[in-house]
Structures are given as C-alpha cells and as structure tokens.
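Geometric and topological summary
Letter by letter, the chains look like this.
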Amino acid sequence: MHTLCARGTMKPEINAAVGFLSRFLRVKGHVNDRQVQTFSQSLQDILAEQYKHHWFPDRPCKGSGYRCIRINHKMDPLVGQAGQRIGLTIQQLYLLLPSELTLWVDPFEVSYRIGEDGSICVLYESQPVPAGMQAMATANGAPSGNSGSVSPMVDSHISCKEELMVLGRTSPSKAYNMMTVSS
C-alpha cells in the first residue's frame, strides 16, 4: 500500500496552506490569474513531494519543523521555487508576501503567525477519524481520507502550537534560532 494511503491524505492541509499564500499574490495585483493558478499548482506539487515521507497523522507534531514554511530574512526555498516557475524573483516574492511569516502544515491543522511575536491563527483544522470508524466509512461508501469534517476523537489531541502555549509562550524568544529543513 502506498504510504499516503496508509497514513491518510495531506491534500486538505496543503490546499489550505497554498490557498493562503496564493491570496497574497492575488491581492497585491501584480500577478495575473493564470500565474496565480500555476503558482498554486506548482506549490501543491512541491509540498506533496517534500512532505510525502514526513507526514505522520498518528503523531502530528513529528516532522512539524520539516513541514514549516518560513519567510523571514530568507525566502522559504519551496515558495521561492514555485515563484520562480511563474517568473517571479525572490525580491518580487518579498514584496508580495509578508516579510515575517511562519506557516505550519501539520496533519489535521494548518496555522500561521505573521511577525515574530504575532498571534498564532488557525487556517484549517480537522480531527482524526479513529481507525475503526474510517474502515466503516470506507466500507459504507464514504470517501476515505480526511475532508476537514469534524469526527469524534478517541485520544485527546493537542496541536504542536498548543504545546508551545502550554509551555507559556506563543512564540520563541527573539534570541531563539528557529531551524527549518528543506532540500
């Protein structure tokens, strides 16, 4: 069985993240609709490929740093790659996107923070479908995977961002060096 089938789909989470970034390009008005569509499709493909071996619905926080999209003093290389496919330079992307952005793409939740000390906002949230319920839904003809609908949970679920808040901070201190991993 393909890993994504065994682990669940990441499509709703990627779509939420890509839609969020694409709106910035559309709002600024310097990118036409065809370019925005190409950027969106390119970024969806790039993220799906990047995350395919780093997607763990049973442990959503595992790999969170790897899946984090970060724009600060450096452009996230995956966003830069999608931008270059539509003819945008890194400098042009800096003008179109927030100068300080952290976007977490995790199983069941996509959230973002603009600015180092900004609030964390949730773009997309769903709950895991228990294994037995998912098997029953599939057997009854319902689509498999997570479509963003809310389902009953078996285990208590705390998001990666909630873990930060439980520890008493909503963002790392300015002296803290955050690392993102991209290839």
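So, a few notes on the structure that sits alongside this text. (Residues numbered from 1 in each chain as written. Predicted model: local features only at pLDDT ≥ 70, side-chain atom pairs only at ≥ 80, totals over all residues. Heavy atoms only, no water.)

**Describing the packing of aromatic side chains**
- Summed over all chains, the structure comprises three aromatic pairs.
- On the basis of an interplanar angle of 15° and a centroid distance of 6.4 Å, the ring pair of Tyr51 and Trp55 is categorised as stacked. The pair formed by Tyr51 and Trp55 is uniform in burial state, with each residue classed as buried.
- An aromatic cluster is defined as three or more aromatic residues linked by ring pairs; in this entry it consists of Phe20, Phe24 and Tyr112.
- Directly above the ring of Phe56 sits Lys62, whose terminal nitrogen or CZ lies 4.4 Å from the centroid. (Phe/Tyr/Trp six-rings, centres within 6.5 Å; stacked < 30°, edge-to-face > 60°. Buried < 20%, exposed > 50% of the residue type's maximum accessible area, 1.4 Å probe, protein only. Lys NZ or Arg CZ within 6 Å of the ring centre and 35° of its normal.)

**Digging into the packing of helix α3 (residues 33-51) against helix α5 (residues 77-85)**
- For the pair α3 and α5, interaxial distance at closest approach is 9 Å and the crossing angle is 145°. For the element pair α3 and α5, the recorded crossing hand is right-handed. Counted together, Phe39, Ser42, Leu43, Ile46, Leu47 and Gln50 of α3 and Leu78, Val79, Gln81, Ala82, Gly83 and Arg85 of α5 form the full contact between these two elements.
- Its residues assigned to classes, the contact of α3 with α5 comprises seven nonpolar, four polar and one charged. (Axes fitted to C-alpha atoms, helices over the stretch in contact; angles between N-to-C directions. Helix = DSSP H or I, 4+ residues; strand = E, 2+ residues; numbered from the N terminus. Left-handed = near helix turned anticlockwise from the far one by under 90°. Contact = heavy atoms within 4.5 Å. Nonpolar A, V, L, I, M, F, W, Y, C, P; charged D, E, K, R; others polar.)

No statement about biological role is implied by the geometric values presented.
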